[in-house]
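If you want the building blocks of each chain, they are given just below.
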Amino acid sequence: MNDEFLISEIEDNTAIITINRPPVNPLNSQVFKELSDVFRELDEDDRVKAIILTGSGEKAFVAGADINEMAGLDLVGINKMNKVSRSVYTQIENSTKPVIAAINGLALGGGFELALACDLRICSEKAKFAFPEVGLGIIPGGGGTQRLQKIVGQGIAKELLYFGEMFDAFRAQELHIVNKVVPVNEVLSAAKEWAAKLTQKPPIALQMMKVAVNAGSNTDIETGLTIESSCFGNAFSTEDRKEGLTAFVEKRKPVYSGR
């Protein structure tokens, strides 16, 4: 994968994608294109069982969109960029592989939205979060107003969005925005540890759980239960289900094939 702003590597069935636009890794049209391309490739790569998304350096995960690019766009241009960014966040959210955000520093605006599109979030104790768009006379346009409220509730979401103030890693954990807070130099290693555990799980079962949670969160309880039932049936029909149950009976560690 030869990209201008992404560094991609695969270690032990885990893909590590690093956004590399130092010092603060802002998102522009090219970054979105590269993210879309790499996630499409990873979804089709059977070697990859989990994905880690992070930023280069210790200062920022992603400190928002590239304001210099945005400032030069008219309404048609900004709507086009917004359409692209929204589709990439949704693509990441719906990836067939579990995605862990390793948040090594600032996660602001579009960077915060990028983290929210991931399944799991581990952050540095020095990480900071904000949706500062209101101070620029705009609002989040990549799903921030929608994904945030699903995690923290409408009242807290409005507080964070309306005031646009920065908050630290520990409040993010308190609000369930991040799953885990670790020292600065342990963010990537903690993400790799979680990814390693996920690579040992049956991949189709993980995929079906992800579909059930994501799709179910956007509908009523009865429809959600129907979605869950369908996903349950899909997982139950796999060879991995047979292996898992057989290994349990035989008191041994299962070896999953992804079929």
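A short tour of the structure in this document, coming up. (Residues numbered from 1 in each chain as written. Predicted model: local features only at pLDDT ≥ 70, side-chain atom pairs only at ≥ 80, totals over all residues. Heavy atoms only, no water.)

### What to know about the sheet that holds strand β2 (residues 14-19)
Spatially, six strands are ordered β1-β2-β3-β5-β7-β10 in an open sheet, and the strand pairing comes out mixed. Each edge of the open sheet is held by one strand with a lone partner, namely β1 (6-11) and β10 (180-182). With direction set aside, neighbouring strand axes in the sheet form an average angle of 20 degrees. Two elements, strand β3 (residues 50-55) and strand β5 (residues 99-103), share four bridges in a ladder whose sense is parallel. If you follow L53 over to β5, its bridge partner there is A101. Against the sheet, helix α1 (residues 29-43) makes contact with β1, β2, β3 and β5, and its axis sits at roughly 175 degrees relative to β2, the strand it touches most. (Pairing = 2+ DSSP bridges. Helix = DSSP H or I, 4+ residues; strand = E, 2+ residues; numbered from the N terminus. Axes fitted to C-alpha atoms, helices over the stretch in contact; angles between N-to-C directions. Contact = heavy atoms within 4.5 Å.)

### Points about the sheet that holds strand β6 (residues 106-108)
Spatial strand order, β4-β6-β8-β9: four strands in an open sheet with mixed pairing. Looking at strand neighbours, the two that pair on one side only are β4 (60-63) and β9 (167-168), the edges of this open sheet. As defined by bridge partners, β6 adjoins strand β8 (residues 128-130) across two bridges and the pair is classed as parallel. Its bridge partner lying in β8, L108 is registered against A130.

### Details of the pattern of salt bridges
Applying the stated rule across the entire model yields 10 salt bridges. E11 is paired through a salt bridge with K192; the nearest N and O atoms lie 3.3 Å apart. Of this pair, E11 sits in strand β1 while K192 sits in helix α8 (residues 187-199); the two residues are 181 residues apart in sequence, bridging distant segments of the chain. In this structure E11 comes out as partly exposed when scored by relative accessible area, which is 30%. Judged by its relative accessible area of 30%, K192 falls in the partly exposed class. Between R147 and E93 there is a salt bridge, with its nearest N and O atoms 3.0 Å apart. Here R147, found in helix α5 (residues 144-152), pairs with E93, found in helix α3 (residues 75-93); they are 54 residues apart in sequence, far enough to count as distant. Taken together, the salt bridges that share partners define one network made up of K33, D37 and R40. (Salt bridge = Lys/Arg side-chain N within 4 Å of Asp/Glu carboxyl O. Buried < 20%, exposed > 50% of the residue type's maximum accessible area, 1.4 Å probe, protein only.)

### Overview of the nonpolar core
L35, I103, L114, F129, L148 and I177 are the most contacted members of the largest nonpolar core, which has 47 residues in total. Considering every element that reaches this core, the biggest residue donor is α1, with six residues. When near neighbours in sequence (up to four residues on either side) are disregarded, L148 contacts F112, L116, F131, G143, G153, A157, L160, L161 and I177. (Core = buried A, V, L, I, M, F, W, Y, C linked by side-chain atoms within 4.5 Å.)

### Side note on α3
Here α3 spans 27 Å end to end across 19 residues, near enough to the 27 Å set by a 1.5 Å rise per residue. Looking only at α3, the buried set comprises G77, M81, S85, V88, Y89 and I92. Angularly, the buried residues of α3 cover 100 degrees about the axis, an arc narrow enough to put them on a single face. Summarising the geometry of α3, the exposed residues directed more than 90 degrees from the buried face are L75, V76, K80, K83 and R86. Taking the backbone nitrogen of V76 as reference, a side-chain oxygen 3.3 Å away marks D74 as the first, capping residue of α3. (Expected span 1.5 Å × (residues − 1). Arc of directions from axis to C-beta. Polar contact = N/O pair within 3.5 Å; in protein donor to acceptor, adjacent residues only side chain to side chain.)

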